[in-house]
Amino acid sequence: MSPRRFARLALEDGRRVFAELAEGEARLLSSAPWEGGALTGERLGGVDDEGRSAGTRRLTPATPTKIVCVGRNYRAHASELGNDVPVEPLLFFKPPSSLLDPDGTIELPPSSISGRVDHEAELAVIIGRRTRRATDAEAAAAVFGLTAAGDITARDLQKKDGQWTRAKGMDTFCPVGPVVVSGLPWDALGVRCRVNGALRQDGSTRDLVFSVPALVAYVSQVMTLEPGDLILTGTPAGVGPLVDGDELVIEIDGIGALTARVAAAAAEG
Ligand code: ZN
C-alpha cells in the first residue's frame with residue numbers, strides 16, 4: 001500500500017481539524033487518525049501534498065502528551081561535538097509548550113540567557129497506540145507514522161547545565177511537520193537542513209545508531225507511550241547556529257519540507 005499523508009489544519013471558520021491529503025484534497029477527519037478518526041465527508045480542494053492551501057494554516061500534525069528525544073544517535077554528530085556514541089539511547093524531553101507550527105517563528109532567547117542556538121534536523125515518530133514495555137516487533141507495530149522535526153538547542157546552556165531542560169525546552173524550540181506520513185519505511189530516509197538556502201545537514205536514517213523500533217521499545221520500558229506522542233530520533237552531523245532573520249528548512253524524503261523563520265526575542269518592558 002502506498003504511504004498515506006495526514007495534516008492538521010486551522011480553517012477559516014476557526015476549526016482545527018485533522019485531514020487526510022489525497023488527490024489535491026484535504027479530506028477532513030472526525031479526530032486524529034491514530035485515535036480512529038473517520039472521514040466526515042467534508043473536503044477542501046486546492047491542497048498540496050504538504051497540506052498547503054489558500055485560506056488555511058498548517059498546524060503541528062500531532063498534539064503529543066510528551067516529546068521524547070534521543071541524543072547522539074548518529075556517530076558523526078556525536079563526534080562533531082566531541083562525544084562518544086552512548087551504549088544505550090540517551091533520552092531527554094522537550095515539553096509540549098515548545099511545539100511550533102509549520103511556517104512558524106523560532107524565537108531566540110535574550111542574549112542574557114543564551115548566546116548560541118543551533119538547528120538539529122530530525123526524523124520524528126508518531127505513536128499510534130498505547131504502548132508499554134514493548135518488544136522491538138511490538139514497537140514497530142506501535143508506530144503510526146513519521147514526520148520532520150527540529151530539535152532546536154541552546155548549545156551554551158546544554159554545555160553549562162547538567163540537565164538539558166533549559167537548552168532544549170524553550171518555547172518554539174520544537175517545530176514539527178508539515179505532515180505525518182504512514183506506511184513509509186523509516187530505514188533509509190534522507191534528513192537535510194538548509195539555512196537561507198545553504199545545505200547545513202545532509203544525513204540518512206540508515207546511519208541511526210539505534211533504529212526506530214529499538215528506540216520506541218527502549219522508551220516504552222520506562223514510560224507508557226500514548227497515541228500521538230512524538231519521539232525525535234536524533235540529528236545527523238552538521239549542526240550549527242541560527243541567527244535573527246534566518247530561514248530554516250528541515251527536509252525529509254517522502255515527508256516534505258518543514259520551514260521556520262528565526263527572530264530575536266522581542267524587547268520587553
Ligand atoms: Zn537532537
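Residues numbered from 1 in each chain as written. Predicted model: local features only at pLDDT ≥ 70, side-chain atom pairs only at ≥ 80, totals over all residues. Heavy atoms only, no water.

### Structural notes on the overall build of the protein chain
(1) Moving on: Within the protein chain, the secondary structure is distributed over 5 helices and 20 strands.
(2) Moving on: Here the C-alpha coordinates of the protein chain stretch approximately 50 × 50 × 30 Å along the principal axes.
(3) Moving on: Looking at the protein chain as a whole, 55% of its 269 residues qualify as buried.
(4) Moving on: For the protein chain, long-range pairs separated by at least 24 residues make up 71% of all intrachain contacts whose partners lie at least 6 apart in sequence.
(5) Moving on: Carbon and sulfur atoms make up 49% of the accessible area of the protein chain, which totals about 11,600 Å².
(6) Moving on: Each charge class in the protein chain was averaged separately, 29 positive and 36 negative side chains, and the resulting centres sit 2 Å apart. (Helix = DSSP H or I, 4+ residues; strand = E, 2+ residues; numbered from the N terminus. Buried < 20%, exposed > 50% of the residue type's maximum accessible area, 1.4 Å probe, protein only. Contact = heavy atoms within 4.5 Å. Areas by Shrake-Rupley, 256 points an atom, 1.4 Å probe, with all protein chains shown as cover. Lys, Arg positive; Asp, Glu negative; His and termini not counted. Charge placed at Lys NZ, Arg CZ, Asp CG, Glu CD.)

### Brief notes about the sheet that holds strand E18 (residues 240-241)
(1) Moving on: With antiparallel pairing, the 3 strands of this open sheet are ordered in space as E13-E10-E18. Only two strands of the sheet have a single neighbouring strand rather than two, namely strand E13 (153-154) and E18.
(2) Moving on: Across 2 bridges, strand E10 (residues 117-119) lies against E18 in antiparallel orientation. Among the inter-strand pairings, Asp118 is bridged to a residue of E18, identified as Pro241. (Pairing = 2+ DSSP bridges.)

### Some details on the domain arrangement of the protein chain
(1) Moving on: Under the domain assignment used here, the protein chain contains domain 1 (4-59) and domain 2 (67-263).
(2) Moving on: Relative placement of domain 1 and domain 2: their C-alpha centres are 24 Å apart.
(3) Moving on: Each partner contributes to the interface: domain 1 provides 13 residues, whereas domain 2 provides 18 residues.
(4) Moving on: Regarding the contact of domain 1 and domain 2, the summed buried area is about 1,300 Å², with carbon and sulfur atoms giving 49% of it.
(5) Moving on: Taken together, the links from domain 1 to domain 2 amount to 2 salt bridges.
(6) Moving on: Arg58 is the partner of Asp103 in a salt bridge, and the nearest nitrogen-oxygen pair spans 3.0 Å.
(7) Moving on: Across the domain 1-domain 2 interface, the total number found is 7 residue pairs in polar contact (both at pLDDT 80 or more).
(8) Moving on: Listed by contribution, the elements that provide at least two residues to the side of domain 1 that touches domain 2 are strand E1 (4-10) and strand E5 (57-59).
(9) Moving on: Among the elements that line the side of domain 1 that touches domain 2, the one with the most residues is E1, at 4 residues.
(10) Moving on: Here the residues of the side of domain 1 that touches domain 2 are counted per class, giving 6 nonpolar, 1 polar and 6 charged. (Domains from an automatic or database assignment. Buried area = accessible area lost by both parts, 1.4 Å probe. Salt bridge = Lys/Arg side-chain N within 4 Å of Asp/Glu carboxyl O. Polar contact = N/O pair within 3.5 Å; in protein donor to acceptor, adjacent residues only side chain to side chain. Nonpolar A, V, L, I, M, F, W, Y, C, P; charged D, E, K, R; others polar.)

### Points about the side chain of Asn73
(1) Moving on: One can find Asn73 in the loop between strand E6 (67-71) and helix H1 (75-80).
(2) Moving on: A polar contact of 2.9 Å, which involves the side chain of Asn73, links it to the backbone oxygen of Thr233.
(3) Moving on: Those residues in contact with Asn73 that sit more than four places away from it in its chain are Asp207, Leu208, Val209, Phe210, Leu215, Thr233 and Gly234.

### What to know about the pairing of strand E2 (residues 16-22)
(1) Moving on: By the criterion of burial, E2 is predominantly enclosed, with 5 of the 7 residues buried.
(2) Moving on: Bridge analysis of E1 against E2 gives 6 bridges, and the strand direction is antiparallel. Bridge pairing links Leu9 to Val17 in E2.
(3) Moving on: Adjacent in sequence and paired antiparallel, E1 and E2 are bridged by 5 residues, among which Gly14 carries a positive phi angle near 95°.
(4) Moving on: Judged from the 4 bridges that link them, E2 and strand E3 (residues 25-29) form a sheet pairing that is antiparallel. Directly across from Ala19, in E3, lies its bridge partner Leu28.
(5) Moving on: Between the antiparallel neighbours E2 and E3 lie 2 residues, among them Glu23 with a positive phi of about 50°.

### Considerations on the packing of aromatic side chains
(1) Moving on: All told, the structure shown has 4 aromatic pairs when counted by the stated rule.
(2) Moving on: Pairing Phe18 with Trp34 gives two aromatic rings, centres 5.5 Å apart and planes at 80°, and the pair type is edge-to-face. Linking Phe18 in strand E2 with Trp34 in the loop between E3 and strand E4 (39-44), this pair joins segments that are 16 residues apart in sequence. For the pair shown, Phe18 and Trp34 are each scored as buried.
(3) Moving on: Taking NZ or CZ as reference, Arg8 lies 6.0 Å from the ring centre of Phe18, over its face. (Phe/Tyr/Trp six-rings, centres within 6.5 Å; stacked < 30°, edge-to-face > 60°. Lys NZ or Arg CZ within 6 Å of the ring centre and 35° of its normal.)

### A word on the pairing of E3
(1) Moving on: Across the 5 residues that make up E3, a large majority, 4, are buried.
(2) Moving on: Of the pairings in the sheet, the one linking E3 to E4 comprises 3 bridges and is antiparallel in character. Bridged to Leu29 within E4 is Leu39.

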